[in-house]
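Notes for the structure review
In case you want the letters, here they are:
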Amino acid sequence: GLLRTTRQNYHDRIATALIEQSPTSQTPDLIGIAHHQHAANNIEQALVWYRRAAEHATNAGSLREALEIVNRAFEILNEFEGSDNERDRQELELLITKQPVVAALEGYAGDEINRISLRGLDLAIALGERNKESAILFQIATMHEVRGEYALTQATLARRNLLIREPSDSGPIIENGELMACST
């Protein structure tokens, strides 16, 4: 067989060719690119392309496929050799990609959505990603609202209000107000 490095070089060249074709293609082979990036040991790029593939499947309404793709990305996350901080950023992005898929497939009552949300929140806080922390807090508040846990909804939204820095950005303020109005 081929030497490992030779095989990785072939996969890298194939991934590059697929990427170069993608702007002209109606449906780029996102999974193919991710697969070849992974086989070329370009783990960070493989994760990016798997995430794009999962987002594409989600937007197309192929939720089970999106879940399979993002779960595949989580499997290769263990091969990521960057710093802990970089690895945590990759995990956070995958959790953000997975959250709406799980919410749509299983609803907000399941344990999985809670686990994803809390892990994402922990990572966003640790990484200082205030905007992502705010978005995750809104998802957690929504989860509590759907579960009928109104006091937790209100507490979570109050916590989110503390993160909103720019009063000129009325989007989060309006979101909070609308959800809070539902829980009172």
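Calculation criteria
Chains are numbered independently. Their residues run from 1 in the order of the written sequence. Totals for whole chains, interfaces and linings use all residues, but because this is a predicted model, local features are given only for residues with pLDDT of at least 70 and pairs of side-chain atoms are given and counted only at 80 or more. Only heavy atoms go into the side-chain values, all of them from the structure, while hydrogens and water stay out. Strands are runs of DSSP state E lasting at least 2 residues, helices are runs of H or I lasting at least 4, and numbering of each runs from the N terminus. Multiplying 1.5 Å by the residue count of a helix minus one yields the expected span of that helix. Burial classification: accessible surface area is computed with a 1.4 Å probe over protein chains only, and a residue below 20% of its type maximum counts as buried, one above 50% as exposed, and the rest as partly exposed. In this description, contact between two residues means that some pair of their heavy atoms is separated by no more than 4.5 Å. We count Lys and Arg on the positive side and Asp and Glu on the negative side, and we leave His and both chain ends out. The working definition used for a salt bridge is a side-chain nitrogen of Lys or Arg within 4 Å of a carboxyl oxygen of Asp or Glu. Every residue is assigned a pLDDT by the predictor, reflecting its confidence on a scale from 0 to 100. The patches described consist of residues with a relative accessible area above 30% and no salt bridge, like charges being joined within 9 Å and nonpolar side chains (Val, Leu, Ile, Met, Phe, Trp, Tyr) within 5 Å. Using a 1.4 Å probe, accessible areas were evaluated by the Shrake-Rupley method; residue-level cover was limited to the displayed protein chains. Whenever two N or O atoms come within 3.5 Å, that pair is a polar contact, provided that in protein one can donate a hydrogen and the other can accept it, and provided that, for residues adjacent in sequence, both atoms are side-chain atoms. Take the buried Ala, Val, Leu, Ile, Met, Phe, Trp, Tyr and Cys residues and link them wherever side-chain atoms come within 4.5 Å; each set so joined is a nonpolar core.

A short note on helix 4 (residues 63–77)
Between its terminal C-alpha atoms helix 4 stretches 21 Å, which fits the 21 Å expected from 15 residues at 1.5 Å a residue. Every buried residue of helix 4 is listed here: Ala66, Leu67, Ile69, Val70, Ala73, Ile76 and Leu77. Against the buried residues of helix 4 lie helix 2 (30–39), helix 3 (43–59) and helix 5 (84–106).

Concerning the side chain of Arg51
In this structure, Arg51 sits in helix 3. Here Arg51 sits buried without a salt bridge, and the closest side chain of opposite charge, Glu93, lies 4.4 Å off (N-O distance). The contacts of Arg51, once residues within four sequence positions are left out, are Gln90, Glu93, Leu94 and Thr97.

Some words on the confidence of the model for the protein
Residue-level pLDDT values for the protein average 89, and 89% of them are 70 or greater. Across the protein, helix 4 holds the top mean pLDDT of 97, while helix 9 (residues 170–182) sits lowest at 69.

A word on a nonpolar patch on the surface
Nonpolar side chains collect at one region of the surface, where Leu2, Tyr10 and Ile14 lie side by side and expose about 270 Å² of accessible area between them. In this fold, Leu2 is placed in the segment before helix 1 (4–21). Taking the relative accessible area as the measure of exposure, Leu2 reaches 47% and is therefore partly exposed.

Comments concerning the side chain of His36
Relative to the assigned elements, His36 resides in helix 2. Taking the relative accessible area as the measure of exposure, His36 reaches 14% and is therefore buried. Of the polar contacts made by the side chain of His36, one reaches the side chain of His11; its length is 2.8 Å. Setting aside chain neighbours within four positions, we find His36 in contact with His11, Ile14, Ala15 and Leu18.

A word on the pattern of salt bridges
Within the structure shown, the criterion is met by seven salt bridges. One salt-bridge network, held together by shared partners, links Arg87, Glu91 and Arg119.

Some remarks on the nonpolar core
Leu47, Tyr50, Ile69, Leu92, Leu94, Ile113 and Ile136 are the most contacted members of the largest nonpolar core, which totals 38 residues. Secondary structure elements with two or more residues in this core: helix 2, helix 3, helix 4, helix 5, helix 6 (111–127) and helix 7 (130–146). Considering each element in turn, this core owes the most residues, eight residues, to helix 3. Once residues within four sequence positions are removed from consideration, Leu94 is found in contact with Leu47, Arg51, Val70, Ala73, Phe74 and Leu77.

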